[in-house]
Amino acid sequence: MSQKITIDPVTRVEGHGKVTIYLDDDNNIKQSRLHIVEFRGFERFIQGRPYWEAPVLVQRLCGICPVSHHLAAAKAIDVIVGAGTGDKLTPTAEKMRRLMHYGQIFQSHVLHFFHLASPDLLFGLDAAPDIRNIIGVAKQNKHLAVMGVMMRKFGQEIIKVTAGKKIHGTGAISGGINKHLTIEERDSFLKGENNIDQMIEWSGEALNFLKNYHRNNKDFIDNFASFPSSHLSIVRKDGAMDLYHGVMRAVDNEGNRILDDVSYQDYLNYIAEGVKNWSYMKFPYLKHLGKEKGWYRVGPLARLNTCDFIPTPLAQKEFEEFRAYTKGKPNNMSMHYHWARLIETLHAAEVMKDLLNDKDLLTGELIVKGEKQSEGIGVIEAPRGTLFHHYRINDNDQIAMANLIVSTTNNNDPMNFAVNEAAKQMMQGKREITEPMMNAVEVAIRAYDPCLSCATHALGQMPLEIVLRDKNENIIQVKRT
Amino acid sequence: MDKSIKIKIDGKGIIAKEGQTIVEAAEENGIYIPTLCHLKGIIPSGSCRICNVKVNGRFLTACTTKIHDGFEIENNSPEITELRKIIIETLFVSGNHYCPACEKSGNCILQALAYQYRIMIPRFPYIYEQREIDASSPKLILERNRCVLCKRCVRTIKTDDGKNYFAIEGRGHKARIILDEELAKTMTEEKAMKAMENCPVGCILKKETGFIKPIGERKYDKESISKVCVK
């Protein structure tokens with residue numbers, strides 16, 4: 001007997017995802033949707049708070065990438081305190097923040113690849129769920145699991161010394177940073193047991209693991225859940241990859257620039273957010289292309305499609321190989337997110353090494369302030385993609401308006417496309433959903449590393465619900481894992 | 001020369017000076033008695049009751065009670081500890097305390113007391129009282145959600161000619177801290193900073209100075225309040 005399961009709104013995005021699949025007369029996939037059934041509320045309840053609290057308070061919406069929210073908010077508040085739009089911070093403040101950010105990119109990418117994605121690659125989509133998780137990885141390939149744990153630890157320790165805590169620190173403050181790096185802290189990363197050179201080496205090893213998997217599973221990696229799309233990110237003014245600061249750039253699926261050299265302070269002129277009645281997550285799009293054609297992808301794949309080069313040698317070499325694979329055209333293959341993510345991991349390790357050797361981290365002015373403004377926008381490339389924070393304050397220094405476009409929100413349309421493609425490829429014409437089919441849909445979602453716990457191998461407790469309906473929208477089957 | 005007085009705290013004999021309060025005598029002898037509304041150097045008010053001890057069988061506030069020969073004081077007994085926990089929990093449920101994003105976290109006496117007494121969750125239901133923030137003054141924000149009505153600000157922050165910047169308005173659960181609108185306009189940076197420092201919680205916030213002190217370097221980050229206070 002059919003039944004309908006409803007998940008009530010719960011707080012924060014990490015949590016529950018729901019997929020619905022509609023069939024036509026011939027049991028072909030008519031429509032698939034990824035529903036985000038959670039309500040956030042941060043934009044509302046931040047109102048009335050002192051503006052300098054934003055970097056500390058808003059980051060609480062995430063436990064995986066709080067640093068990204070911390071820094072995006074801090075960048076927005078920099079504008080408000082007259083510390084410029086990324087060009088006036090002291091060298092110490094900017095470099096400490098960059099170190100914090102690249103530590104975050106490193107740990108988050110590592111978490112995703114080793115803990116969340118690698119079980120699929122190691123065991124296959126149809127492996128039993130009870131082994132398809134990080135514990136299974138540890139049993140099957142101890143070295144891979146140890147690498148994952150130690151690399152993530154390294155990133156977390158970098159966050160701790162720059163932000164004060166591994167999760168939800170307070171390092172970035174209005175107009176700068178509140179601490180230097182000590183020589184002891186620096187040396188622990190440069191000379192310790194699992195030091196930065198080890199991290200660079202392991203990043204390369206992880207990349208080779210993936211490339212090897214790609215060689216052996218070319219059809220799956222290249223074709224599964226693939227679809228053409230535009231791509232958006234910030235890039236450095238000269239076109240280099242820069243995950244901390246830059247100008248907005250977007251390319252279409254052929255590589256034509258549809259947005260270029262745009263200051264993110266003007267993002268509202270270029271980006272709008274659509275709403276749909278079946279999801280709490282909005283659907284951002286480029287205004288000049290409209291809702292239907294203006295959606296875009298963000299995150300590692302998008303960033304490697306928008307930038308001209310990567311400004312560190314080892315990652316640049318990998319970037320050249322990545323771009324050559326699609327003959328210089330944008331790469332539209334969803335599963336190549338993993339490849340792009342690991343190139344960024346290597347890049348992050350190289351950037352951290354350069355920063356750790358920079359004496360500006362040890363001494364120098366921490367804060368700068370100027371003429372106060374009533375509005376500020378901060379944008380950063382978070383691990384999962386472009387993250388927008390926008391605040392307006394009143395005359396009493398309280399936040400009057402907040403608008404957040406979170407990375408996963410930018411990928412809303414693309415994830416729905418990916419789910420649709422995955423459903424077509426795996427379930428077309430079939431009346432019964434099997435667990436491997438469901439996992440395949442999750443694999444497509446997982447490639448985007450969305451900030452939902454449905455993207456995790458929660459040791460057998462994945463809160464993903466799939467509803468199969470006939471042409472009259474009657475529920476044929478409901479599966480929850 | 002000060003006259004010495006012999007008293008006992010939790011059975012331990014100590015020698016203190018005549019005229020000292022129990023809190024002062026205890027501190028001088030390395031014994032921690034918690035305080036919240038009390039601030040060294042000002043006349044104690046004994047309003048928060050967290051320093052309650054039992055003196056010869058009677059409950060008294062240690063910050064206001066001067067020592068006398070023969071005092072036998074219970075400070076660390078299960079009964080007193082339980083009483084203090086109840087007071088701390090009551091303060092938590094009657095305000096809206098959200099430590100994670102509070103500027104005072106790590107420097108907050110209420111938070112430090114909760115850690116000291118290992119309070120995981122209050123036994124009483126939260127009241128979720130609607131309290132308004134006053135951000136109208138040029139230098140300070142009154143975050144009334146966190147106010148514990150200790151009156152430290154009222155008692156210590158005054159103009160050069162002795163006028164109060166702060167006052168308590170209303171009674172009972174409607175009592176709230178207010179700041180004189182006119183005097184606030186001429187408040188100096190130093191006085192504003194002092195007001196924030198003297199506030200034991202995160203109610204009085206100096207504008208535009210948030211989170212300057214990194215986590216890990218705050219007063220109660222490394223040691224419990226009992227160790228910090230008896231050094």
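Residues numbered from 1 in each chain as written. Chains lettered and ligands numbered in written order. Predicted model: local features only at pLDDT ≥ 70, side-chain atom pairs only at ≥ 80, totals over all residues.

1. Concerning the overall build of chain B
Stated precisely, the cut-off is as follows: Under the DSSP-based scheme used, a helix requires at least four consecutive residues in state H or I and a strand at least two consecutive residues in state E, with every element numbered from the N terminus. Three exposure classes are used. Buried residues have 20 or more other C-beta atoms within 10 Å of their own C-beta, exposed residues have 12 or fewer, and partly exposed residues fall in between, all C-beta atoms being placed from the backbone. Here, residues touch in the contact sense if the C-beta positions derived from the backbone fall within 7 Å of one another.
Helices and strands together make up the secondary structure of chain B, namely seven helices and nine strands. Taking the principal axes of the C-alpha coordinates as reference, chain B spans close to 50 × 45 × 40 Å. Scored against the burial criterion, the 231 residues of chain B give a buried share of 38%. Taking contacts inside chain B between residues at least 6 apart in sequence as the whole, the part at least 24 apart equals 63%.

2. Brief notes about helix α6 (residues 189-198) of chain B
Residue and element names in this part refer to chain B. To keep it simple, the criterion reads: In this context, the arc is that of the directions from the helix axis out to the C-beta atoms.
Of all the residues in α6, the buried ones are Lys 191, Ala 192, Ala 195 and Met 196. The buried residues of α6 occupy an angular sector of 140° when projected down its axis, which confines them to one face. Exposed residues pointing more than 90 degrees away from the buried face of α6 are listed as Glu 189 and Glu 190. Buried-residue contacts for α6 involve β6 (140-142), α4 (152-156) and β9 (204-206).

3. A closer look at the domain arrangement of chain B
All names here are of chain B. Worth spelling out the cut-off: Here the limits of each domain have been adopted from an automatic or database domain assignment. Gly counts as polar in this scheme, as do all residues outside two lists: the nonpolar Ala, Val, Leu, Ile, Met, Phe, Trp, Tyr, Cys and Pro, and the charged Asp, Glu, Lys and Arg.
Assigned domains of chain B: these are domain 1 (4-76) and domain 2 (140-206). A separation of 28 Å is found between the C-alpha centroids of domain 1 and domain 2. Each side of the interface is counted separately: domain 1 has seven residues, and domain 2 has eight residues. Among the residues making up the side of domain 1 that touches domain 2, the classes are represented as five nonpolar, two polar and no charged.

4. Some details on the domain arrangement of chain A
Residues and elements named next belong to chain A. We note that the domain assignment places domain 1 (17-41 + 411-480) and domain 2 (89-226 + 333-367) within chain A. Relative placement of domain 1 and domain 2: their C-alpha centres are 29 Å apart. At the junction of the two partners, domain 1 supplies 19 residues and domain 2 supplies 20 residues. When contributions to the side of domain 1 that touches domain 2 are tallied by element, the ones reaching two or more residues are α16 (412-427) and α17 (435-447). Take the side of domain 1 that touches domain 2: its biggest share by element is eight residues, from α17. Of the residues belonging to the side of domain 1 that touches domain 2, the class tally is 10 nonpolar, five polar and four charged.

5. A word on the packing of helix α4 (residues 91-123) of chain A against helix α14 (residues 336-356) of chain A
Residues and elements named next belong to chain A. The criterion, for reference: Axis lines are fitted to C-alpha atoms, over the contacting stretch for helices. Their N-to-C directions set the angle, which ranges from 0 to 180 degrees. By convention, the crossing between two helices is left-handed when the near helix turns anticlockwise from the far helix through less than a right angle, and right-handed when the turn is clockwise.
Between α4 and α14, the least distance of the axes is 9 Å, while the angle of their chain directions is 145°. By crossing handedness, the relation of α4 to α14 is classed as left-handed. Contacts from Lys 95, Arg 98, Leu 99, Tyr 102, Gly 103, Ile 105, Phe 106, His 109, Val 110, His 112, Phe 113 and Ala 117 in α4 reach His 338, Arg 341, Leu 342, Glu 344, Thr 345, Ala 348, Ala 349, Val 351, Met 352 and Leu 355 in α14. Residue composition of the contact of α4 with α14, grouped by class: 13 nonpolar, five polar and four charged.

6. Quick look at the nonpolar core
All names here are of chain A. What counts is decided by this rule: One nonpolar core equals one set of buried Ala, Val, Leu, Ile, Met, Phe, Trp, Tyr and Cys residues connected by C-beta atoms within 7 Å.
With 198 residues, the main nonpolar core has Ile 343, Met 352, Ala 418, Val 419, Ala 422 and Ala 444 as its most contacted residues. Counting residues per element, this core draws most heavily on α4, which supplies 13 residues. The contacts of Ala 418, once residues within four sequence positions are left out, are Ala 225, Ser 334, Ala 444, Ile 445, Ala 447 and Tyr 448.

7. Focus: the sheet that holds strand β2 (residues 12-17) of chain B
Residues and elements named next belong to chain B. What counts here: At least two DSSP bridges between two strands are required for those strands to pair.
One open sheet accounts for five strands, arranged β2-β1-β5-β3-β4; its pairing is mixed. Bordering the open sheet on either side are β2 and β4 (58-61), each of which pairs with just one other strand. Averaged over all pairs of adjacent strands, the angle between their axes in this sheet comes to 40°, without regard to strand direction. Relative to strand β5 (residues 72-74), strand β1 (residues 4-9) is paired through two bridges, and the arrangement is parallel. Residue pairing across strands places Lys 8 opposite Glu 72, the latter belonging to β5. Relative to strand β3 (residues 52-55), helix α2 (residues 78-94) is tilted by about 155°, and along the sheet it contacts β3 and β5.

8. Points about the interface of chain B and chain A
One frequent convention defines the size of an interface as the accessible area lost when the parts assemble. Counting residues at the interface gives 15 residues for chain B and 20 residues for chain A. Looking at the side of chain B that touches chain A residue by residue, the class counts come to 10 nonpolar, three polar and two charged.

9. Comments concerning α16(A)
All names here are of chain A. As a reminder, the rule being used: By definition here, a helix of n residues has an expected span of 1.5 Å times n minus one.
Over its 16 residues, α16 extends 22 Å from the first C-alpha to the last, a length consistent with the 22 Å expected when each residue adds 1.5 Å. Of all the 16 residues making up α16, 14 are buried; the element is thus mostly covered by neighbouring parts of the structure. In the stretch just after α16, Gly 429 is the one whose phi turns positive, near 80°.

10. Details of the sheet that holds strand β10 (residues 296-297) of chain A
Residues and elements named next belong to chain A. Taking strand neighbours across the sheet as the criterion, the four strands line up as β7-β6-β5-β10 in an open arrangement whose pairing is mixed. Looking at which strands have only one partner, the edges of the open sheet turn out to be β7 (257-262) and β10. Pairing of strand β6 (residues 247-251) with β7 involves three bridges; the strand directions are antiparallel. Bridging across to β7, Met 248 finds its partner in Val 262.

11. Considerations on the environment of B:Leu83
Residues and elements named next belong to chain B. Here Leu 83 is to be found in helix α2. Take Leu 83: there are 16 C-beta atoms within 10 Å of it, and that puts it in the partly exposed class. Put simply, Leu 83 and Ile 109 are 26 residues apart on the chain and 17 Å apart in space, counted from C-alpha to C-alpha.

12. Considerations on the pairing of strand β2 (residues 29-36) of chain A
The pairing of strand β1 (residues 17-23) of chain A with β2(A) spans seven bridges and is classified as antiparallel. Counterpart to A:Gly17 in the pairing with β2(A) is A:Ile36.

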